[in-house]
Amino acid sequence: MSASTLGTLELATLLAVSRLGDDAYGLAVRRDLTERTGRDYSVGAVYTTLQRLEDKGLLTSRASDPMPVRGGRSRRHFSLTGAGEHALRETERHTASLWVGVGGRIRPEPA
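Since the structure is predicted, the reported quantities are computational estimates derived from the model, not experimental observations.

In the structure shown here, the tally under the stated rule is zero aromatic pairs. The lysine or arginine in question, Arg75, covers the ring of Tyr25, its NZ or CZ lying 3.9 Å from the ring centre.

Set out below in structure tokens:
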């Protein structure tokens, strides 16, 4: 998987899953994306992106046990695959190489 094949939301979603670790389920990923990007992504956009990343082999998912409340539903937890970790490293390297030579003219600001 080359870095150039990841869209912005896909990259942000992979990073969110990486950050959240064992707590990476759909709504937690959406919350993380909203906090970090300042953009309120729809539930559908997040779940579609998670599914697309799983289809690409960058994520795996598993169902949790049902929540302990009456009628509780299980959550679908996501984790990075080896290919997902590789895609993140490649994207970081690719982005760093794009910044080479820019120097003090323009500095990226943290989100």
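The subject of this paragraph is the nonpolar core. The nonpolar side chains of a soluble globular protein tend to be buried with one another. Of all hydrophobic cores here, the largest spans 19 residues; its most connected members are Leu14, Val17, Val29, Leu33 and Leu59. Elements with a contribution of two residues or more to this core: α1 (8-20), α2 (26-37), α3 (43-55), β2 (76-80) and α4 (82-99). By residue number, the principal contributor to this core is α1, which donates five residues.

Turning to a nonpolar patch on the surface, a few remarks are in order. Together, Leu27, Val43 and Tyr47 make up a nonpolar patch on the protein surface, roughly 230 Å² of accessible area in all. Within the secondary structure, Val43 is located in helix α3. The partly exposed category is assigned to Val43, whose relative accessible area is 36%.

The share of residues in the protein with pLDDT of 70 or more is 86%, and the mean pLDDT across the chain is 88. Confidence scores differ between elements of the protein, with α4 showing the lowest mean pLDDT of 93 and α1 the highest of 97.

The subject of this paragraph is the environment of Arg31. Looking at where Arg31 falls in the secondary structure, it is placed in helix α2. For Arg31 and Tyr41, which are ten residues apart along the polypeptide, the C-alpha to C-alpha distance reads 8.9 Å.

Conventions adopted
- Residues numbered from 1 in each chain as written.
- Predicted model: local features only at pLDDT ≥ 70, side-chain atom pairs only at ≥ 80, totals over all residues.
- Heavy atoms only, no water.
- Phe/Tyr/Trp six-rings, centres within 6.5 Å; stacked < 30°, edge-to-face > 60°.
- Lys NZ or Arg CZ within 6 Å of the ring centre and 35° of its normal.
- Core = buried A, V, L, I, M, F, W, Y, C linked by side-chain atoms within 4.5 Å.
- Buried < 20%, exposed > 50% of the residue type's maximum accessible area, 1.4 Å probe, protein only.
- Helix = DSSP H or I, 4+ residues; strand = E, 2+ residues; numbered from the N terminus.
- Patch = residues over 30% accessible without salt bridge, like charges linked within 9 Å, V, L, I, M, F, W, Y side chains within 5 Å.
- Areas by Shrake-Rupley, 256 points an atom, 1.4 Å probe, with all protein chains shown as cover.
- Salt bridge = Lys/Arg side-chain N within 4 Å of Asp/Glu carboxyl O.
- pLDDT = per-residue confidence, 0-100.

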